[in-house]
Amino acid sequence: MNIFAPDYYVQSFKTLNIQRLHDHGIQLLLCDIDNTLVAYDEEVPSQDVVDFIHKLKMNGIEVALCSNSPSSRGKNFGKHLPVSKTYPFSCKPFPFCFKKAMKDHGLKASQIAILGDQMYTDILGGNIWGLYTILTAPIAIKDRNITKVFRFFEELIYGYLEKKKILKRGEFDD
């Protein structure tokens, strides 16, 4: 397995197949915020995001936010949603958020999925720690400056994964 390859590749959080999560024994979905649920400069969740969280919860999957955004951004965004926890300034791909989520929810890594738009943070971190990884296409083209650096290197990884026929942009699993 390539550590940058997701287990599941979706066009948008809106197209995520909840049955697929159940089939993999997922009880908790960690959601990145910026460019996964909303553009990085949107302060509050859209109605689509609220509906998505409610749909997951109605189907027995708990949701927590796991974002590298500053604490103020993560906490402010999370207070508008019925999530179990918000882990701002997570420092993904490092283990802090993942280990804390396992402990806080009493779950094993194999029972947790992470949904995010970045290979170098969300997918790499999730794969290293044994989570089920879900890559989504970024919501917006605009990014923070540091994210632009990661996107450059991500292009190299996409090229490698496409060459190895592991992943192809535009061909989603949903």
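Notes on the structure follow. Along each chain, numbering runs from 1 in the same order as the chain's sequence is written. A pLDDT threshold of at least 70 governs which residues receive local features in this predicted model, and a stricter bar of 80 or more applies before side-chain atom pairs are shown or counted, although totals over entire chains, interfaces and linings include all residues. In computing side-chain properties, one takes all heavy atoms of the structure into account and sets aside hydrogens as well as water.

1. Overview of the layout of surface pockets
Take a probe with the size of a water molecule and roll it over the atoms, and the empty space left behind shows itself. Defined as follows: Using only the protein atoms, space was sampled on a 1 Å grid; points where a 1.4 Å probe fits but cannot get out form cavities, open sets with protein on both sides within 12 Å along at least five of seven lines form pockets, and lining residues are those with an atom within 4 Å of a point. Grid points are joined across faces, edges and corners, and a volume is the space filled by probe spheres set on the points. Classification convention: Asp, Glu, Lys, Arg as charged; Ala, Val, Leu, Ile, Met, Phe, Trp, Tyr, Cys, Pro as nonpolar; all other residues, Gly among them, as polar.
Empty space within the second largest pocket amounts to approximately 150 Å³. Around the second largest pocket sit 14 residues that line it, and Ser 12, Phe 13, Lys 14, Leu 37 and Ile 139 are the ones nearest its centre. Its residues assigned to classes, the lining of the second largest pocket shows seven nonpolar, four polar and three charged.

2. Overview of unusual backbone geometry
Peptide bonds are, in most cases, trans, and in most cases residues other than glycine have a negative phi. Rules: Helix numbering and strand numbering both begin at the N terminus, where a helix is a DSSP run of H or I of at least 4 residues and a strand a DSSP run of E of at least 2.
Between Lys 92 and the following residue, Pro 93, the backbone shows a cis peptide bond with an omega angle of 20°. Its location among the elements puts Pro 93 in the loop between β4 (85-87) and α4 (96-105). Even without being glycine, Phe 89 reaches a positive phi, approximately 45°.

3. Looking at the pattern of salt bridges
Put simply, the rule reads: Within this document, salt bridges are pairs made up of a side-chain nitrogen of Lys or Arg and a carboxyl oxygen of Asp or Glu, the two lying within 4 Å of each other. Relative accessible area decides the class of each residue, using a 1.4 Å probe on protein chains only: under 20% of the type maximum gives buried, over 50% gives exposed, and in between gives partly exposed.
In this structure the tally under the stated criterion is six salt bridges. One salt bridge in this structure joins Arg 73 and Asp 34, with 2.5 Å as the shortest N-O distance. Taken as a pair, Arg 73 in helix α3 (residues 71-78) and Asp 34 in the loop between β2 (28-31) and α2 (47-58) lie far apart in primary sequence, 39 residues in all. According to the relative accessible area criterion, Arg 73 is buried, its value standing at 8%. On the basis of relative accessibility, which here comes to 9%, the residue Asp 34 falls in the buried class. Of the charged contacts in the structure, one is a salt bridge between Lys 57 and Glu 62, with a shortest N-O distance of 3.0 Å. For Lys 57, a relative accessible area of 33% gives the class partly exposed.

4. Overview of the sheet that holds strand β6 (residues 132-136)
Basically, it comes down to this: The pairing criterion is simple: DSSP has to find at least two bridges between the two strands. All axes here are fitted lines through C-alpha atoms, helices being fitted over the stretch that makes contact, and every angle between N-to-C directions spans 0 to 180 degrees. Contacts were defined at the residue level, with two residues in contact if any of their heavy atoms lie within 4.5 Å.
Here we have six strands laid out as an open sheet, ordered β1-β6-β5-β2-β3-β4, and parallel in their pairing. What marks the edges here is a single partner per strand, and that holds for β1 (8-10) and β4. When strand polarity is set aside, the average angle formed by the axes of neighbouring strands in this sheet is 25°. Across three bridges, the pairing between β1 and β6 is parallel. Paired with Val 10 across the bridge in β6 is Thr 136. Each of β2, β3 (62-66), β4 and β5 (112-116) is contacted by α4, which is oriented at about 165° to β4, the strand it contacts most.

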